Amino acid sequence: MKEAVRLKLGNGAVLLLHEDHSNPSIAFRGSVRAGAAYGRPGIAEFTARLLLRGTKRRSAAKISDATEDLAAALAATNGMESVALEGRCTRETLKETLRIFIESLATPAFAPAELEKVRGEVTGDLRAQEDDTRRAATRRLLELVYPPSHPYHADPKGDARSAAKIQAKDARAFHAAHYGAAGMIVAFSGDLETETFRGLVAAAFERLDSGEPPNPVPTPKPSKPANAVIAMPHKSQADFVAGRVALARTHPDYQALNLATILFGRIGLYGRLGQKVRDDLGLAYYSFSSLEARLAGGHCLVSAGVNPKNLAQAVAAIRAEMERLRTEPFSDAEVRDGKTHLIGSLQVTLERNPENAAAIHDIEYYGLGNDYLERYPEIVRGLDPESVRKTGAEYYDPDASSWVASGPVKGVRLSF
Amino acid sequence: METITRTLDNGLTVLLRPMPEAPAVSVWVGYKVGSRNERPGITGATHWVEHMLFKGGGKLKKGDIDSIVGRLGGKFNGFTDTDFTIYFETLPPGDLDTGLMIEAERMRNAAFDPQESEAERGVIISEREGSENSPKYLLSEEMWHLAFHVHPYHWPVVGWKIDLERITRNDLYTYYLQHYAPNNAVLVLAGKFEPEDAMRRVESYFGLFRPETQPPPLAVTEPAQEGERRGEVRRPGTQDHVMIGYHVPALAHADTAPLLVLQAVLGGWRGLSLFGGGFVPRSNRLYRGLVDKKLATDVSAQHRMQADPGLFTIEATVREGVDPAKVETAALEEVEGLRRKPPTKEEMARAARQLRVWHAYDLDGPTAQGLLYTWFEVAASHTLLDDLIDRCQKVTTADVRRVADAYFDETNRTVCTFLAQEGGS
């Protein structure tokens, strides 16, 4: 994939393009730094959900009719740091799709009727999470991993109390403070000529006010490891999650930890974890590791879903695999396989417009340099195997991790 | 883009979708065996066999598929459905042989090591139990169980737990030998390759396999439903859900096109494939009638498009504090209201455009193309995929009204409700 065309507009927005005419469609992925970390509980979630639900000029129904009449699609999804913006259209519908998108970004209505619908959706989603073993365990774990004073501690959706209280004026104020073009990034991929991108697309985004550049989120300090059990006696399967604070995406050790995460519980059918817990012991349908690295910091997790009678054995097996990262670190052959996996998977991942747009967006978002994709194979090849072993052992240390189990766990003796 | 179709002497159907600019090649093999081919006592066998086919055999040792594809940075997986089982690897373009080798070994040489079969029992049961944790899964299982009395769509793809506890390694291996043969499979290549060169490679990997005598086609037909069926699942939970199903014809039936247009009018359209993304359609009758009216927090409609006559379903999550009966009534008003209030010209135009444009989104990339062409070939025919979207463009309001009249009738419907009980959080 060649370097993306990059435009920085006068209002601060950055636009990117990967031109690719192999499919007659355009996808875009973007972000605005208006995530949960920037407001009181729940407000970012409500604002993002209301963004495409009507403008000062057009009702929610008219906005969705106009979008869907074009067979275009638009979405805004709240996250911890930023709101993800995404869309799909064709070259024929690009102009009108952008008109709707920019109108929605610049002048959302926050109509009371839509707010009440969103209140129902958010409340429902929070309740569904409470009844979902995996989501509930992960949410609780993140509360243990990040200190209460840090924005990453709380649920980005807020809680039942915040969902009951948020008013249109709150969303309006949050939008005015955080939805400026400064800090906004939107990446396009697909059937779009550079000339049109520099002309029509840039002109559409130029209409947005600059706003204030986003403040950085403070770096999270790790909490003291803690454990929790969430009893859900009516469920068939138990879930458990272990994890700790890890690194920001821009940290020098990120690449090493990413490779360690892949080797530990992702490559093939979930790496070492999958081989032991699923393949050898047959204890779980899934058992994997994950790394979430954001601008300010991140966390790494180990997750598994198991029959309650196997829970104690699975916890012990996963704990043993975490300890094994110290006693039997990744071999040179494992690291070599991981490196070829990373290089090959980059190529394979970039087969569709949404993934291409997401990749060039992320490169800009994390400041990795426009030539990052070109440099990436060398970055990976240059990784010191020792640093992969060291970060793996450090960040998947069972004693430095918090642990949470959820589900029908009554009577199960757990030794975290 | 043209699909190149070939058939090997042993009956293996090969579909080629060359994409010279693609950064990858996707190798798909679909088998015409799904849970519809099982019998009571071995429900879930198709899905279990799928799991066993990642455990080596022939040139592949246990773990080799994961490590070979993983090392190359490829994507791979397998899916079992009511009508088919599908496997794929998406790889860097130079690694076509790797995908072909894996699929060839999988077709005839799987090991079915007894110890591995036994270890997999726990994994399979764990997968089922994970699904049981979800109210929507429980509701769906109840729906199919109730709507089909005779046809194998009666049981879930993952199988009944009691069968999963008893199925033996020999049950699985016999099932594998019977169904995994070139004359019961389709191989689809999509992405960067040269067609003639690819065919030579396909021939070298699969050409020597012998065809197997296939069991006679499934001769079970679900009798017509003669009255509404109702089911309830009461379990601790935090949200109520409503699901409504109507019997509709198989994918290959001429009414599929009007039913898809009807689906778009009722519940919006987000493409045929798994790659629709997180976009929520709101310009449709169900959203306006249920979510806009604050009865439900989400609602969807789907024609399941199966090899045998299946279901058209409507699913809604009941908003907190709302009586599920009100959601059911509102959904029925919209669905069966189509018979009295057929789609407007604007609704028809929107539906037709969505079906056409989303088809382009659906075909973005080798993996997506491989999935769709394999699915359609094993469930009906790949030519139907291209024809279907064209046929949808010609569907008239009268066609939609006719299929609504034919299928959206009280006597043909099944209604299931998940009623969340105390103790769900």
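As the structure is a computational prediction, the values presented were derived from the model and not from experiment. (Residues numbered from 1 in each chain as written. Chains lettered and ligands numbered in written order. Predicted model: local features only at pLDDT ≥ 70, side-chain atom pairs only at ≥ 80, totals over all residues.)

A.B. asks: Can you help me understand the overall build of chain B in this one?
C.D. replies: Per the secondary structure count, chain B includes 15 helices and 11 strands. In terms of overall size, chain B behaves like a compact globule, its C-alpha atoms giving a radius of gyration of 22 Å where 425 residues would be expected to give roughly 22 Å. If one aligns the C-alpha atoms of chain B with their principal axes, the spans along those axes are about 60 × 45 × 40 Å. Within chain B, the fraction of its 425 residues that count as buried is 57%. Summarising the internal contacts of chain B: among those between residues at least 6 apart in sequence, 81% fall at separations of at least 24. (Helix = DSSP H or I, 4+ residues; strand = E, 2+ residues; numbered from the N terminus. Rg over C-alpha atoms; globule rule 2.2 N^0.38 Å. Buried ≥ 20, exposed ≤ 12 C-beta atoms within 10 Å, placed from the backbone. Contact = placed C-beta atoms within 7 Å.)

A.B. asks: Would you mind going over the overall build of chain A with me for this structure?
C.D. replies: Looking only at helices and strands, one finds 15 helices and 11 strands in chain A. The principal-axis extents of the C-alpha atoms in chain A amount to approximately 60 × 50 × 35 Å. Burial statistics for chain A: of 416 residues in total, 59% are counted as buried. Partitioning the intrachain contacts of chain A with sequence separation of at least 6 by distance along the chain shows that 81% fall at a separation of at least 24.

A.B. asks: Quick question: what am I supposed to make of the domain arrangement of chain B here?
C.D. replies: It is common to report an interface's size as the accessible area lost on association of the parts. All names here are of chain B. Split into domains, chain B comes out as domain 1 (4-206) and domain 2 (229-421). Relative placement of domain 1 and domain 2: their C-alpha centres are 27 Å apart. With 35 residues of domain 1 in contact, the opposing surface of domain 2 contributes 30 residues. Where the side of domain 1 that touches domain 2 is concerned, the elements lending two or more residues are strand 2 (13-18), strand 3 (25-31), strand 5 (85-91), helix 5 (135-147) and strand 6 (185-191). With 9 residues, helix 5 is the single largest residue contributor to the side of domain 1 that touches domain 2. For the side of domain 1 that touches domain 2, the per-class residue count stands at 20 nonpolar, 8 polar and 7 charged. (Domains from an automatic or database assignment. Nonpolar A, V, L, I, M, F, W, Y, C, P; charged D, E, K, R; others polar.)

A.B. asks: Quick question: what am I supposed to make of the interface of chain A and chain B here?
C.D. replies: Taken together, the contact between chain A and chain B spans 58 residues of the former and 65 residues of the latter. Looking at the side of chain A that touches chain B element by element, the count peaks at 10 residues for helix 12 (residues 332-349) of chain A. Of the residues assigned to the side of chain A that touches chain B, the class counts are 17 nonpolar, 24 polar and 17 charged.

A.B. asks: Got a minute to help me understand the sheet that holds strand 1 (residues 4-7) of chain B in this structure?
C.D. replies: Through backbone hydrogen bonds, the strands of a sheet pair up, either in parallel or in antiparallel fashion. Residue and element names in this part refer to chain B. The strand order across the open sheet built from 6 strands is 1-2-6-3-5-4, with neighbouring strands paired in mixed fashion. In the strand order of this sheet, the two ends are held by strand 1 and strand 4 (75-80), each with one partner. Ignoring which end each strand starts from, the neighbouring axes of this sheet average 15° apart. Bridge count between strand 2 and strand 6: 6 bridges; the pairing is parallel. (Pairing = 2+ DSSP bridges. Axes fitted to C-alpha atoms, helices over the stretch in contact; angles between N-to-C directions.)

A.B. asks: I tried to follow helix 7 (residues 169-179) of chain B on my own but got confused; where do I start?
C.D. replies: In an α-helix, one turn spans 3.6 residues, which is why side chains three or four residues apart end up on the same side. Those residues of helix 7 of chain B lying buried are Leu172(B), Tyr176(B) and His179(B). All buried residues of helix 7 of chain B project into a common sector of 85° when viewed along the axis, lining one side. (Arc of directions from axis to C-beta.)

A.B. asks: How do you make sense of the environment of Val217(A) when you look at a structure like this?
C.D. replies: Residues and elements named next belong to chain A. With respect to the element layout, Val217 can be found in the loop between helix 8 (194-206) and strand 7 (227-231). Note on Val217: 20 C-beta atoms within 10 Å, which makes it buried. Val217 sits 159 residues away from Tyr376 along the chain, and the two C-alpha atoms are 27 Å apart. The contacts of Val217, once residues within four sequence positions are left out, are Ala37, Glu81, Pro151, Leu295 and Ala296.

A.B. asks: Explain unusual backbone geometry to me, please; I cannot follow it from the model alone.
C.D. replies: Leave glycine aside and you will find that most residues have negative phi; peptide bonds, for their part, are mostly trans. The backbone phi angle of Phe110(A) is positive, close to 50°, even though this residue is not glycine. Within the secondary structure, Phe110(A) is located in the loop between helix 3 (94-106) and helix 4 (112-130). By the C-beta count within 10 Å, which is 24 here, Phe110(A) ends up buried. Although it is not a glycine, Lys294(B) sits at a positive phi angle of roughly 60°.

A.B. asks: What am I meant to see in the sheet that holds strand 3 (residues 26-32) of chain A here?
C.D. replies: Residue and element names in this part refer to chain A. One open sheet accounts for 6 strands, arranged 1-2-6-3-5-4; its pairing is mixed. Edge strands, defined here as strands with exactly one partner in the open sheet, are strand 1 (5-8) and strand 4 (73-78). Adjacent strand axes in the sheet meet at a mean angle of 15°, parallel and antiparallel pairs treated alike. Inspection of the sheet shows strand 3 paired to strand 6 (residues 185-190) by 6 bridges, in the antiparallel sense. Residue Ser31 lies in a different strand from strand 6, and its bridge partner there is Ile185.

A.B. asks: Looking at this structure, I do not really get the environment of Arg288(B). What am I missing?
C.D. replies: All names here are of chain B. With respect to the helices and strands, Arg288 occurs in helix 10 (residues 285-291). When the 15 C-beta atoms within 10 Å are taken as the criterion, Arg288 is described as partly exposed. Between the alpha carbons of Arg288 and Ser126 there is a distance of 39 Å; along the sequence they are 162 residues apart.

A.B. asks: How do you make sense of the nonpolar core when you look at a structure like this?
C.D. replies: Generally speaking, nonpolar side chains in soluble globular proteins are found buried as a group. Residues Phe240(A), Ala314(A), Leu187(B), Val261(B), Leu290(B) and Ala331(B) are the most contacted members of the largest nonpolar core, which totals 257 residues. Excluding residues within four positions of it along the chain, Leu187(B) makes contact with Leu12(B), Val14(B), Val29(B), Glu103(B), Val202(B) and Phe206(B). (Core = buried A, V, L, I, M, F, W, Y, C linked by C-beta atoms within 7 Å.)

A.B. asks: Quick question: what am I supposed to make of the pairing of strand 10 (residues 298-306) of chain A here?
C.D. replies: The two faces of the sheet receive side chains in turn, since in a regular strand these alternate between them. Residue and element names in this part refer to chain A. Of all 9 residues that make up strand 10, 9 are buried, and the element is covered over most of its length. Residues Gly298, Cys300, Val302, Ala304 and Val306 line one face of strand 10 and the alternating positions His299, Leu301, Ser303 and Gly305 line the opposite face, and both faces are buried. Examined bridge by bridge, strand 8 (residues 238-245) and strand 10 share 8 bridges and lie antiparallel to one another. Along strand 10, the bridge assignment pairs Val245 with His299. Direction of pairing for strand 9 (residues 284-293) relative to strand 10: antiparallel, over a ladder of 9 bridges. Residue Ser290 lies in a different strand from strand 10, and its bridge partner there is Leu301. Hairpin connection of strand 9 to strand 10: 4 residues between the antiparallel strands.

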